[in-house]
Amino acid sequence: MSNISGKVISVLTSVIFITLVCPFNIFSNSPVKPVRPERRTTSPIAEFPDTIPLSVEAGARDVVALDSVIQRGDSLAVIPVDSLAILPMDGTSVGDDKFSRRFAFNPDPTRAVWLSALCPGLGQIYNRKYWKLPIVVGGFMGLGYATQWNNMMLRDYTVAYADIMDNDPSTNSYMDFFPPTVSESSLDRTWLRNILKSRKDFYRRNRDLCIISMVGLYLVAMIDAYVDAQLAHFDISPNLTVDLGPALIPDTRSRLPGLGLQWALNF
């Protein structure tokens, strides 16, 4: 009995070994060895994008590439696709200019205003109008220097006017405006008092105007950044034409049409 069991086990072992080494399709009319599908180095749609660009112009109909199935003999080979690719029907490739992604710059007016409020000139940089930056920066530098210079002159004339208004002979800083050869006794104090007061008021007015101009330039930079961002895509092309010509205007009260002038504005 043990001999029979050993022979059965050896026969089954041989059959399993032969089946594993030389597999055949026992359900086929003509058993053949299954063919391993060829390994592709790259996917046939690897050159196509995973998404559909929104800037592509609507043209011919497109075809969605799905998983492909290849039959060889009695076996099937499935080539999976992990994404959907767009195959143009006109034979153009995705790398053409027609299917290239184009991103139009669309600035946000609110952001442009806040950037310009944070620092004058940042709004112009955000709008990519770099040529306006030297104008803004130069304006603030010029007005800042003018404010500082007028304020220095105002301080000197204020001290000189205060010295000439008191009766203390030791405070005579107003003599610093004259050459050393000029003596104080040869000057008319009334005339000098009026001169110092008018100069003091003149430089105070100029200083205040410079400060107001700086505030105005600050607001103008903010307004310019906002308007520039709003009109970023406004058509300013010179292709604006007006066509004038005679026309026949139908008249419901008469069988004859009326004569008139029509015009068309192209922009």
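Position labels on residues start from 1 in each chain and follow its written sequence. Reporting in this predicted model follows two pLDDT cut-offs: at least 70 for local features of residues, and 80 or more for side-chain atom pairs to be given and counted; totals over whole chains, interfaces and linings ignore these cut-offs and use all residues. Side-chain calculation: all heavy atoms of the structure are included, whereas hydrogens and water are not.

Chemist: Talk me through the overall build of the protein; I want residue IDs and the actual numbers.
Modeler: When helices and strands are tallied, the protein shows five helices and six strands. Secondary structure elements follow DSSP: runs of H or I no shorter than four residues count as helices, runs of E no shorter than two count as strands, and numbering proceeds from the N terminus. For the protein, the succession of helices and strands along the chain, N to C, is α-β-β-β-β-α-α-α-α-β-β. Taking the intrachain contacts of the protein between residues at least 6 apart in sequence as the baseline, contacts between residues at least 24 apart amount to 51%. Here the protein has roughly 20700 Å² of accessible surface; of this, 63% comes from carbon and sulfur atoms. Here, residues are in contact when the closest pair of their heavy atoms is within 4.5 Å. Accessible areas in this description were obtained via Shrake-Rupley with a 1.4 Å probe; residue shielding takes into account the shown protein chains only.

Chemist: Go over a nonpolar patch on the surface, please, and point to the residues and values.
Modeler: Taken together, the side chains of Ile211, Val215, Leu219, Ile223, Tyr226, Val227, Leu231 and Phe234 make up a nonpolar region of the molecular surface, amounting to roughly 740 Å² of accessible area. By the secondary structure assignment, Val227 is in helix H5 (residues 189-230). The patches reported here contain residues having more than 30% relative accessible area and no salt bridge. Joining distances are 9 Å for like charges and 5 Å for nonpolar side chains (Val, Leu, Ile, Met, Phe, Trp, Tyr). Any carboxyl oxygen of Asp or Glu that lies within 4 Å of a side-chain nitrogen of Lys or Arg is treated as forming a salt bridge with it.

Chemist: Quick one: what's the story with helix H4 (residues 133-165), residue by residue and with numbers?
Modeler: Multiplying 1.5 Å by the helix residue count minus one yields the expected span of that helix. Compared with the 48 Å implied by 1.5 Å per residue over 33 residues, the 48 Å span of H4 between its first and last C-alpha is a close match. Regarding H4, the residues found buried are Val136, Phe140, Thr147, Asn150, Met153, Leu154, Tyr157, Ala160, Tyr161, Asp163 and Ile164. Those residues of H4 that are buried are in contact with helix H3 (122-126) and H5. Three exposure classes are used, based on accessible area relative to the maximum for each residue type with a 1.4 Å probe and protein chains only: buried under 20%, partly exposed in between, and exposed over 50%.

Chemist: With reference to specific residues and values, describe unusual backbone geometry.
Modeler: Residues other than glycine seldom take positive phi values, yet Arg128 does so here, at roughly 65°. Note that Arg128 resides in the loop between H3 and H4.

Chemist: Before we move on, could you go through the nonpolar core and cite the residues and values that matter?
Modeler: The term nonpolar core refers to a set of buried residues drawn from Ala, Val, Leu, Ile, Met, Phe, Trp, Tyr and Cys, joined through side-chain atoms within 4.5 Å. In this structure, Met153, Leu154, Tyr157, Ala160, Tyr161, Ile164, Tyr174, Met175, Leu187, Leu192, Leu196 and Tyr203 together form the largest nonpolar core, which totals twelve residues. No other element matches H4, which puts six residues into this core.

Chemist: Explain helix H2 (residues 109-118) residue by residue, including any values.
Modeler: Where H2 is concerned, the buried positions are Pro109, Ala112, Val113 and Ser116. Taken end-on, H2 shows its buried residues confined to a sector of 100°, consistent with a single buried face. In H2, those exposed residues whose orientation departs by more than 90 degrees from the buried face are Trp114 and Leu118. If you follow the buried residues of H2, they end up packed against H3 and H5. Each C-beta atom gives one direction from the helix axis, and the arc is the one those directions make.

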